[in-house]
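Residues per chain, in single letters:
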Amino acid sequence: MSDPLPSPSPERPVPAADPAREAEARAFRQLMGQFATGVAVVALRGEGGRISAMTINSLVSLSLSPMLVSWSLQNSASQYAAYAGASRFAISILAEDQAVLARRYAARGDSALLPGDFEEGAGGLPAIRGALGQIACRRFAAHPAGDHTLIIGEVIAMARRPSGGRPLVFFGGRFGGLEQDH
């Protein structure tokens, strides 16, 4: 296990803006927006048992033995310190009808958090009610990766919605569903 990463340093020099590089970064973001992803919410219990939650679309299955998943935490996230230092967290895989929750937890901070959105999920961690799946994780590692931190979690518990359902998808900057042939 790696040690918690320090918060991004405000003393770190910020390079001068390069308009060509900024345009290239925008073009890269638009290109990557053409890669459809699933949508999930990462939640944890912080100080005093308070729930924190954020929407992600960077969930990746890394390994079956041990069972590992990863996701990317933006270094400028308002809740960076809580997530970068968390020893346990839960990931809820959102269903197609949960776009409102994805938008709610994509906002900075946790002022829009509604306790009724959560239940005690796998591993006793807070999870989105009605999600397609829940994954409880113990922190395995964290690695700096550009303007993000790659968080790796070891799966300690999991649950799947028994009735199935369709996933919420993020594509081209929008939430949507999957077209499925029957």
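If you're wondering where the values come from, they're calculated on a predicted model, not measured in any experiment. (Residues numbered from 1 in each chain as written. Predicted model: local features only at pLDDT ≥ 70, side-chain atom pairs only at ≥ 80, totals over all residues. Heavy atoms only, no water.)

S.K.: How do you make sense of the sheet that holds strand β2 (residues 40-45) when you look at a structure like this?
M.R.: Working definition: the strands of a sheet are paired by backbone hydrogen bonds and lie parallel or antiparallel to each other. Read from one edge to the other, the open sheet built from seven strands follows the order β3-β2-β6-β9-β10-β5-β4, with strand pairing classed as antiparallel. The open sheet has two edge strands with one neighbour each: β3 (51-56) and β4 (60-64). Between one strand and the next, the sheet's axes are offset by a mean angle of 35 degrees, whatever the strand orientation. In this structure, strand β6 (residues 88-93) lies alongside strand β9 (residues 133-145), joined through six bridges in antiparallel fashion. Opposite Ala90, over in β9, you have Ala136 as the bridge partner. (Pairing = 2+ DSSP bridges. Helix = DSSP H or I, 4+ residues; strand = E, 2+ residues; numbered from the N terminus. Axes fitted to C-alpha atoms, helices over the stretch in contact; angles between N-to-C directions.)

S.K.: Looking at this structure, I do not really get the packing of aromatic side chains. What am I missing?
M.R.: Two descriptors summarise a pair of aromatic rings, namely the distance from one centre to the other and the angle between the planes of the rings. Applying the stated criterion across every chain yields a total of three aromatic pairs. A ring pair is formed by Trp71 and Phe89, whose centres lie 6.0 Å apart and whose planes are at 75 degrees; its orientation type is edge-to-face. A residue pair is termed long-range when its members are at least 10 positions apart, and Trp71 in strand β5 (residues 67-74) and Phe89 in strand β6 qualify at 18 residues. Phe89 matches Trp71 in its accessibility class, with the two residues each being buried. Aromatic ring contacts, followed pair by pair, group Trp71, Tyr83 and Phe89 into a single cluster. (Phe/Tyr/Trp six-rings, centres within 6.5 Å; stacked < 30°, edge-to-face > 60°. Buried < 20%, exposed > 50% of the residue type's maximum accessible area, 1.4 Å probe, protein only.)

S.K.: Teacher, can you tell me more about the nonpolar core here?
M.R.: One recurring pattern in soluble globular proteins is that nonpolar side chains are buried together. Residues Trp71, Leu73, Phe89 and Ile91 are the most contacted members of the largest nonpolar core, which totals 20 residues. Contributing elements (two or more residues each) for this core: β2, β3, β5, α2 (80-84), β6, β9 and β10 (148-160). Dropping the residues within four chain positions of it, Trp71 is found in contact with Val42, Met54, Ile56, Ser58, Leu59, Tyr83, Phe89, Ile91, Thr149, Leu150 and Ile151. Ile51, Ala99, Ala102 and Ile128 belong to the second largest nonpolar core, which has 15 residues in total. (Core = buried A, V, L, I, M, F, W, Y, C linked by side-chain atoms within 4.5 Å. Contact = heavy atoms within 4.5 Å.)

S.K.: Help me understand the pattern of salt bridges, please; the structure alone is not making it clear to me.
M.R.: Oppositely charged side chains are able to pair whenever their charged atoms sit close together. As enumerated under the stated definition, the model contains four salt bridges in all. Among the salt bridges present, the one from Arg166 reaches Glu96, with a minimum N-O distance of 3.4 Å. One end of the pair, Arg166, is in the loop between β10 and β11 (169-171); the other, Glu96, is in the loop between β6 and α3 (99-104), with 70 residues separating them in the sequence. Given the relative accessible area of 31%, Glu96 is considered partly exposed. (Salt bridge = Lys/Arg side-chain N within 4 Å of Asp/Glu carboxyl O.)

S.K.: Is there a simple way to think about the pairing of β6 in this case?
M.R.: Two faces, one strand: in a regular strand the side chains alternate between the faces of the sheet. Where β2 meets β6, four bridges bridge the pair, whose relative direction is antiparallel. Residue Val42 lies in a different strand from β6, and its bridge partner there is Ile91.

S.K.: Explain the environment of Glu119 to me, please; I cannot follow it from the model alone.
M.R.: With respect to the helices and strands, the residue Glu119 is situated in strand β7 (residues 118-120). Given the relative accessible area of 28%, Glu119 is considered partly exposed. Once the C-alpha coordinates of Glu119 and Gly130 are considered, the two residues, 11 residues apart in sequence, prove to be 9.0 Å apart. Contact partners of Glu119, with chain neighbours within four places excluded, come to Leu125, Pro126, Ala127, Ile128, Arg129 and Gln134. At a separation of 2.8 Å, a polar atom in the side chain of Glu119 contacts the side chain of Gln134. (Polar contact = N/O pair within 3.5 Å; in protein donor to acceptor, adjacent residues only side chain to side chain.)

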